[in-house]
Amino acid sequence: MAASKQKKSGFQNPVIRWIDDRLPIFTMMDKEYGAYPTPKNFNYFWNFGAIAMVMLVLMIVTGVFLAMSYTPHTSMAFDSVERIMRDVNYGWMLRYLHMNGAHFFFIAVYIHIFRGLYYGSYKRPRELLWILGVLIFLLMMATAFMGYSLPWSQMSGWGVTVITNLFSAIPFFGDAIVTWLWGGPSVGNPTLNRFFALHYLLPFVIVGVVFLHVWALHVSGSGNPSGVEPKTKKDTVPFHPYYTIKDTFGLTVFMFVYMAVVFFAPLALSHADHFQPFDPLVTPEQIVPEWYFLPFYAILRAFTMDIVFPFTGWITDGGIVFTAKLQGVIAMFGAIIVLFFLPWLDKSPVRSARYRPAYRWCNYLLVVAMVLLGYAGAQPAEGTMLWIARGATAYYFAHFLVLIPLLSRYEKTLPLPKSINEAVLKDKEEAQ
Amino acid sequence: MASKKDDETQTRRDFLNLTVGAMGAVGIGAAMVPLVDSMNPAADTLALATIEVDISEIEVGQTRVVQWQGKPVFIKHRTPEEIEQAQADDNAPNLTDPEPDSARVQKPEWLIVVGVCTHLGCIPQGSKTGQPRGDFEGWFCPCHGSHYDTSGRMRAGPAPKNLPVPPYEFLSDTVVRIG
């Protein structure tokens, strides 16, 4: 403490210096976002953390202004959203930015997660950093789900019904939990009201966890495509201006695509049933979640066979049954829970898939499995589609629970470069 | 300096810390109760519990859908064939949740069930003419493909239970009170 007090902050501006001597916020910003030594070999995959952070801010800003014109009551919610679209100044723009913002936020985060998987970003000493990231992902899913309920459309109401009903699979307390979630005997006004409150609250919780995520990142330092930690000054560059400018460039490209969708195809990712008011007596022909939930939805529906535990007939009539519903629910949540344990499932000392040929292929297969699951999740769960979903589900779990532990033991990895600098020079040589 | 006396004070300090910690935990737990319970159904929500329905205009073979507690209730005026089929299937091997038809109706011609699929809460189709009724001529849930028979019993698909029978009472031959 004494040392930092004596050290004169080098700021020229007297106002900044006055503030910094009392609350060293400028020193902190300079340390974490100016001088912060960053591996010099980032590729564009390293843009997506910053992009996701910008999307989070954008969602909060548009969301706060939308909330000023929105009414969280079952009899008025749908109309208030239509009013935002037609009558509120720039309401249409706020809403299209917000609803498509959710899509692009998830695009950024999925790429960010893939980056982490491919380059082994979750490995020691970044386990907690990774866990906080998975937590952010979970919070995002909850927030997105509740946000989707707010227009109180057919898709909103029935999406809420189906997803809250998942909890009824919990043995003994299931129905009580579902009633508690609803605040009544069915999905209704109390449900909408609390979902609005939580949809407004959770983004700020996400901001808090993002803060911890970034804090943890700045303790361990950023990873990099070679997976080798920086050793000398030759391996790093200061964050500013090198990565502020690279992030800005990547963000600009990302924003181009996002804005193109917002202004030229704002409903490209929407479902027609999302534009009809909720009718609790009529279920739409097919309930399809938003694309970013589809892989997990497909996992949920991949389980269709009850399992009766043998020799339990004496306990209850027909024996104790492990219902297909409960299996699906456990698998769906398990698909995310397993990510929390990834740092301990993968014991390979080599981080980057660049130097892990077999793991690299498994990673591509995982992407294929996710795409297949996503496709199957949008189709009726029957026939070939159901088998595709089952196969992809099997791969998903085998990837994390079987392949990764086996690979970390038996895979023959390629020789690692001695340093980031060496890896960069070698890449350059090969390019010439 | 480390003496017996030090150890004793440590123990007393530990005991106090533990007690204070435990009291704090109990206090926080107690404070959670009203917060969590406030999310349970409110008194006025619970009060909207019964409806009376005039069933005189429901023809044989027709199903009327009424709303009770925000949920649809199917009132099905069953044909003699449907009643026969339902009773004949009492011991069918594909009953997921075995129950005789007689336990599910007060009068065989009137089947009254909550029209919410026991899988994930969708409304099964088959109440209106032209809608798919599934392989067992009752209802078919479009969400995940559960089939219900003419007694509202689960026969095929992912749902774990039969369509539940709500509490109801025939006030007269033409009026039924649900709830």
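Asks: How would you explain the overall build of chain A if you had to name every residue and give the values?
Replies: For chain A, the count of helices and strands is 17 helices and four strands. In terms of overall size, chain A behaves like a compact globule, its C-alpha atoms giving a radius of gyration of 25 Å where 432 residues would be expected to give roughly 22 Å. Its C-alpha atoms give chain A principal-axis dimensions of about 70 × 60 × 45 Å. Evaluated residue by residue, chain A yields a buried proportion of 50% over its 432 residues. Long-range contacts, defined here as pairs at least 24 residues apart, represent 79% of the contacts in chain A between residues at least 6 apart. For chain A, the exposed area adds up to about 22100 Å²; of that, 71% sits on carbon and sulfur atoms. A distance of 13 Å separates the average location of the 32 positive side-chain charges in chain A from that of its 25 negative side-chain charges.

Asks: Break down the pattern of salt bridges for me, citing the residues and quoting the values.
Replies: Residues and elements named next belong to chain B. Under the criterion given, the structure shown has 18 salt bridges over all chains. For Arg 155, the salt bridge goes to Asp 89, with nearest N and O atoms at 3.0 Å. Of the two residues, Arg 155 is situated in strand E7 (residues 154–156) and Asp 89 in the loop between helix H3 (80–88) and strand E4 (110–114); the sequence distance between them amounts to 66 residues. Each member of the pair, Arg 155 together with Asp 89, is buried. Relative accessible area serves as the criterion here: at 7%, Arg 155 is assigned to the buried category. In the salt-bridge network here, residues are joined through shared partners; they are Asp 89, Asp 90, Asp 149, Arg 153 and Arg 155.

Asks: Quick rundown of the domain arrangement of chain B? Include the residues and the values.
Replies: The domain architecture assigned to chain B consists of domain 1 (1–40) and domain 2 (46–178). Between the C-alpha centres of domain 1 of chain B and domain 2 of chain B there is a distance of 54 Å.

Asks: So, a nonpolar patch on the surface: which residues are in play, and what are the values?
Replies: All names here are of chain A. A contiguous nonpolar patch, built from Leu 23, Ile 25, Met 28 and Met 29 and spanning about 360 Å² of accessible area, is present on the exposed surface. Mapped onto the elements of the fold, Met 28 is located in helix H3 (residues 25–35). You can call Met 28 partly exposed: its relative accessible area is 42%.

Asks: Talk me through the packing of aromatic side chains; I want residue IDs and the actual numbers.
Replies: Residue and element names in this part refer to chain A. A full pass over the atoms with the stated rule returns 39 aromatic pairs over all chains. Measuring from centroid to centroid gives 5.7 Å for Phe 104 and Phe 254, while their planes differ by 85 degrees, and the two rings are edge-to-face. Of the two residues, Phe 104 sits in helix H6 (residues 91–118) while Phe 254 sits in helix H11 (residues 239–264), which places them 150 residues apart along the sequence. Look at Phe 211 and Trp 215: their rings are 6.1 Å apart centre to centre, the planes differ by 55 degrees, and that puts the pair in the tilted class. In this pair, Phe 211 and Trp 215 both sit in helix H10 (residues 189–220), four residues apart, roughly one turn of the helix. Residue class for Phe 211 comes out exposed when judged on its relative accessible area of 54%.

Asks: An account of unusual backbone geometry is needed here, citing residue identities and associated values.
Replies: Most peptide bonds take the trans configuration, and most residues that are not glycine carry a negative phi. Residues and elements named next belong to chain A. With an omega of 5 degrees, the peptide bond between Arg 124 and Pro 125 qualifies as cis. Geometrically, the link from His 240 to Pro 241 is a cis peptide bond, its omega value of 5 degrees lying close to zero. Relative to the helices and strands, Pro 241 is located in helix H11. The backbone of Trp 152 shows a phi angle near 55 degrees, a positive value even though the residue is not glycine. Within the secondary structure, Trp 152 sits in the loop between helix H7 (127–149) and helix H8 (154–165). Its relative accessible area of 5% is what places Trp 152 among the buried residues.

Asks: Describe the interface of chain A and chain B, naming the residues involved and giving the relevant values.
Replies: Contacts between chain A and chain B engage 26 residues on the former and 24 residues on the latter. With both chains or domains summed, chain A and chain B bury close to 2200 Å², and 62% of this area falls on carbon and sulfur atoms. Where chain A touches chain B, the interface holds seven residue pairs in polar contact (both at pLDDT 80 or more). Broken down by secondary-structure element, the contributors of at least two residues to the side of chain A that touches chain B are H8, helix H9 (174–182) and helix H12 (294–301) of chain A. It is H8(A) that contributes the most residues to the side of chain A that touches chain B, four residues altogether. Partitioned by chemical class, the residues of the side of chain A that touches chain B number 12 nonpolar, nine polar and five charged.

What counts, and at which threshold
- Each chain has its residues counted from 1, running along the sequence as written.
- Each chain gets a letter, beginning with A, and each ligand a number, beginning with 1, in the order they are written.
- Residues qualify for local features only when their pLDDT is at least 70, as the model is predicted, and side-chain atom pairs are given and counted only at 80 or more; totals for whole chains, interfaces and linings, by contrast, use all residues.
- Based on all heavy atoms of the structure, the side-chain values leave hydrogens and waters out of the count.
- The helix count covers DSSP runs of H or I at least four residues long, the strand count covers runs of E at least two residues long, and both are numbered beginning at the N terminus.
- In this setup the radius of gyration rests on C-alpha atoms only. A globule is expected at 2.2 Å times the number of residues raised to 0.38.
- When a residue's accessible area, from a 1.4 Å probe over protein chains only, is under 20% of the maximum for its type it is buried; when over 50% it is exposed; and in between it is partly exposed.
- Contacts between residues were defined by any pair of non-hydrogen atoms, one from each residue, lying within 4.5 Å.
- Per-residue accessibility takes into account occlusion by the displayed protein chains alone, with areas from the Shrake-Rupley method and a 1.4 Å probe.
- Within this scheme the basic residues Lys and Arg register as positive and the acidic residues Asp and Glu register as negative, but His and the chain ends are omitted.
- Just so you know, the charge point we use is NZ for Lys, CZ for Arg, CG for Asp and CD for Glu.
- The term salt bridge refers to a side-chain nitrogen of Lys or Arg lying within 4 Å of a carboxyl oxygen of Asp or Glu.
- The source of the domain bounds is an automatic or database domain assignment.
- Each patch is built from salt-bridge-free residues with over 30% relative accessible area, joining like charges within 9 Å and nonpolar side chains (Val, Leu, Ile, Met, Phe, Trp, Tyr) within 5 Å.
- In summary, the pairing rule links any two rings of Phe, Tyr or Trp, Trp by its six-membered ring, whose centres are within 6.5 Å, and it sorts them by plane angle into stacked for under 30 degrees, edge-to-face for over 60 and tilted for everything else.
- Once two parts are brought into contact, the accessible area they lose, counted with a 1.4 Å probe and summed over both, makes up the buried area.
- Pairs of N or O atoms are called polar contacts if they sit within 3.5 Å, as long as, within protein, a hydrogen donor faces a hydrogen acceptor (for residues adjacent in sequence, only side-chain-to-side-chain pairs).
- By the convention adopted, Pro, Cys, Tyr, Trp, Phe, Met, Ile, Leu, Val and Ala count as nonpolar, Lys, Arg, Asp and Glu as charged, and the other residues, Gly among them, as polar.

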